[in-house]
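# A structural walkthrough
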Amino acid sequence: MNSNFCTATYQDYKICEQLEKITHQQSSLLQSINKIRLSLDFSTILEVATQEVRKLFNAESVIICRVESSNNFLHQCGILAEDSLAKFESLVSHLNLNLTQIEPYVSQSNPLEEESVLAENSQIYVCRENCENLNDKNHLQANYQAKAGLIVSLIQNNSTWGFLCVYQYSQTRNWLKDEIENISYIASHLNTAIAQAEAFQTVQNQLAHLERIIATQSNQIVQDEARFLKLSETEAKLQEKEQFLRSIYDGVEHLIFVTDILENGEYRLAGWNLPVEHAVGLSGTQVAGKTLEEVFDSEQAKSIKQDYQQCLDADNSVVYEECRILKGEETWWLTTLNPLRNIQGRIYRLVGTTFNISDRKQAEKELRDSENQIRQQAQQLEEALRELQWTQTQMIQNEKMSSLGQMVAGVAHEINNPVNFIYGNIIYINESMQDLLELVDLYQKYYPEPILEIIAKTEDIDLEFFQEDLSKTINSMMLGTKRIKEIVKSLRTFSRLDEAECKTADVHEGIDSTLMILQNRLKASAECPEIQVLKNYGDLPLIECYAGQLNQVFMNIITNSIDALEEQNVKRAFKDIRQNPNIISIVTEMLERENVVQIKIFDNGTGIPKNIQNRIFDPFFTTKAVGKGTGLGMSISYKIITETHKGSLRCVSSPGEGTEFIIKIPVTQGIT
């Protein structure tokens, strides 16, 4: 069963890998096609096509050549576009090459083979190894010395217009079926782009011709005004020419619209052709002479005016994409505006042509939405992983602190019982010893001359010193047991780390217990004097808090302060430290207006650099050496203050001037 599961998992992985590869190839293919289809300029389309095909197929040379048909034979007219690697000779030098007439190639034997016809009326020619056979057969590769080639015919008006050729010169190449299908797919779109470019050029020529005719007719009208008797004949001619121009105007399949610009700058629609009428739902006659606001809603009219103004500012043709609401549907168009000038040079008319690109925009939108969805999923997974790591670390840390609290509480309890016993008996022993000393004094008073044995024992035990020192010894024992009781009390106060309930507690008591536990690190040593702790406690009420967690925060911050001071002391002499002692200052106060308790913990250490101050509360971030810090202390402290106690914790520091942590905790936590 495990082997089947592993096999299935591996197959799934390979399928996903293949799907991702196919998706990437399709995306690259669509991007290349979009670039080819973006322009309406004939030269630009061919140049972009050769560049994109060479990059997409990683070929060494790509050319587009033009051919003409005569008596069922093809004659090469020349290379229209080429993109080759620099190390290979350009084929443009063969522009005037007179190739022998060729027929459409049908494979007879390897290494040449004919693939299926994938594009309508197109033929695919494939050379996988050596193209000498093609040379012998006088095909398009003649004299080019290519070792592998992939050629697809370009079709216009159901006849061969030219060829798109992909060559390899350095080595043979086994063309894959996907590559053959892709080159056919590109060729079909290139056919469409060439047709659109030629149609666009035809429309431009027709419009220019139309303008010339209109200009001629205008002059004719002026002349005919002086010839009133010939007016009827002139009108008849104008009507005939208008019908001719109208047939051209309405006969093209592209959307054409005309807008007049009055001398006062107002835009008036002059009309549009039948394709626009079908798209908008209004005829050119219905909109003729109307303003943009009378035909479109105010928002669309404003947008159209901005596009018109852009053309006027450019003082030249402009091409742009626009979104229009037509018949209640949102559509996208690729529009070209061409300005026309009168005799005085003023732009008096704008002629626009537009193509519907809604399908392309929809595909682009779906691609963007898919990318955004994948990106969001990745971010969610990353955030979930980060949260899981943090939760796992916090659980481990809480378990450690809980175990530490239980251990400390147990030790404190075990120490407390015998200490209480000793402390209670010392009082009794002190009273008894005082009675015995008084009895000895009475013996010495009433029996000043004891026997020799008593005298010897008195000298042996040094009775006089014993009487003086015994009281001091008992007092020292009482002070020691009191000190032990205070330490035990501090341990029991600090050991509340595992308490789950929010209770009222004394902040000062928690700080003092923390300082008691850290006393060993604060006191003087052979290497440096003691760290002075300056306490300035305000009058604070008992606050509702998780006392154990709050003590953990005090422990983390004060420990970091001690670490900073010790790090600073490494670079200082003992005398310098004594003259400028290490100081930890703790200030508490009640902020009545905010109803919060504020605790400030300051140290005069080295300070924190500005570039890392905003990271000190990040999980696993530490500036300490490996093994001296986990990077969790300040992160846990920040969450305890901000999330558990709904307070705030911030750091104020300047390099060389020390560091201050400011804690604010609400007096109440909303306990019901």
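Report on the accompanying structure. Along each chain, numbering runs from 1 in the same order as the chain's sequence is written. Under the rules for a predicted model, residues below a pLDDT of 70 receive no local features and side-chain atom pairs below 80 are neither given nor counted, while totals for whole chains, interfaces and linings still include all residues. Only heavy atoms go into the side-chain values, all of them from the structure, while hydrogens and water stay out.

Patch definition: residues with relative accessible area over 30% and no salt bridge; like charges joined within 9 Å; nonpolar side chains (Val, Leu, Ile, Met, Phe, Trp, Tyr) joined within 5 Å. Using a 1.4 Å probe, the Shrake-Rupley method yields the accessible areas, and only the shown protein chains count as cover for residues. The working definition used for a salt bridge is a side-chain nitrogen of Lys or Arg within 4 Å of a carboxyl oxygen of Asp or Glu. Only four residue types enter the tally: Lys and Arg on the positive side, Asp and Glu on the negative side; His and the chain ends are excluded. Charged side chains are reduced to one point each, which is NZ for Lys, CZ for Arg, CG for Asp and CD for Glu. A cluster of acidic side chains, namely Glu431, Asp435, Glu438 and Asp441, defines a negative patch on the protein surface. Inspection of the secondary structure puts Glu438 in helix α10 (residues 358–446). With a 1.4 Å probe rolled over the protein chains alone, any residue whose accessible area is under 20% of its type maximum counts as buried; one over 50% counts as exposed, and the rest are partly exposed. On the basis of relative accessibility, which here comes to 47%, the residue Glu438 falls in the partly exposed class. Only DSSP runs of H or I covering at least 4 residues are called helices, and only runs of E covering at least 2 are called strands; the numbering of each starts at the N terminus.

Only the six-membered ring of Trp is used, alongside the rings of Phe and Tyr, when aromatic pairs are assigned; centres must lie within 6.5 Å, and planes under 30 degrees apart are stacked while those over 60 apart are edge-to-face, with the rest tilted. Under the counting rule described, the total for this entry stands at four aromatic pairs. Plain terms: the ring middles of Phe42 and Trp161 are 5.9 Å apart, the flat faces sit at 75 degrees to each other, and that makes the pair edge-to-face. Here Phe42 is found in helix α2 (residues 42–57), whereas its partner Trp161 is found in strand β6 (residues 159–168), with 119 residues between them in sequence. For Phe42, a relative accessible area of 28% translates into the label partly exposed. Using a relative accessible area of 5% as the deciding quantity, one classes Trp161 as buried. Taken together, a centroid distance of 6.0 Å and an interplanar angle of 55 degrees make the contact between Tyr167 and Tyr169 tilted.

Next up on the list: the sheet that holds strand β16 (residues 596–603). Here five strands make up an open sheet; going across it, the order is β13-β15-β16-β18-β17 and the pairing mixed. What marks the edges here is a single partner per strand, and that holds for β13 (532–536) and β17 (648–654). When strand polarity is set aside, the average angle formed by the axes of neighbouring strands in this sheet is 15 degrees. Two strands qualify as a pair provided that DSSP identifies no fewer than 2 bridges between them. Strand direction decides the pairing type here: β16 and strand β18 (residues 658–666), joined by eight bridges, are antiparallel. Orientation is described by lines fitted to C-alpha atoms, with helices fitted over the stretch in contact, and by angles between N-to-C directions that extend from 0 to 180 degrees.

Once that is clear, we can look at the packing of helix α13 (residues 507–517) against helix α15 (residues 547–569). Interaxial distance between α13 and α15 falls to 9 Å at its minimum, and their mutual angle equals 45 degrees. Viewed along their axes, α13 and α15 adopt a mutual orientation that is oblique. Crossing angle aside, the handedness with which α13 passes α15 is right-handed. Residue-level inspection shows Val507, Gly510, Ile511, Ser513, Thr514, Leu515 and Ile517 of α13 in contact with α15, the latter providing Asn551, Phe554, Met555 and Ile558. Along the lines of polarity and charge, the residues of the contact of α13 with α15 split into seven nonpolar, four polar and no charged. Small angles under 35 degrees read as roughly parallel and large ones over 145 as roughly antiparallel, with 65 to 115 read as roughly perpendicular and the rest as oblique. For any pair of crossing helices, the crossing counts as left-handed if the nearer helix is rotated counterclockwise from the farther one by less than a right angle, and right-handed if it is rotated clockwise. Only heavy atoms enter the contact rule, under which two residues are in contact if any of them lie within 4.5 Å. As a working rule, the residues Ala, Val, Leu, Ile, Met, Phe, Trp, Tyr, Cys and Pro are called nonpolar, Asp, Glu, Lys and Arg charged, and the rest polar, with Gly in that last group.

These values are about where atoms sit, not about what they do.
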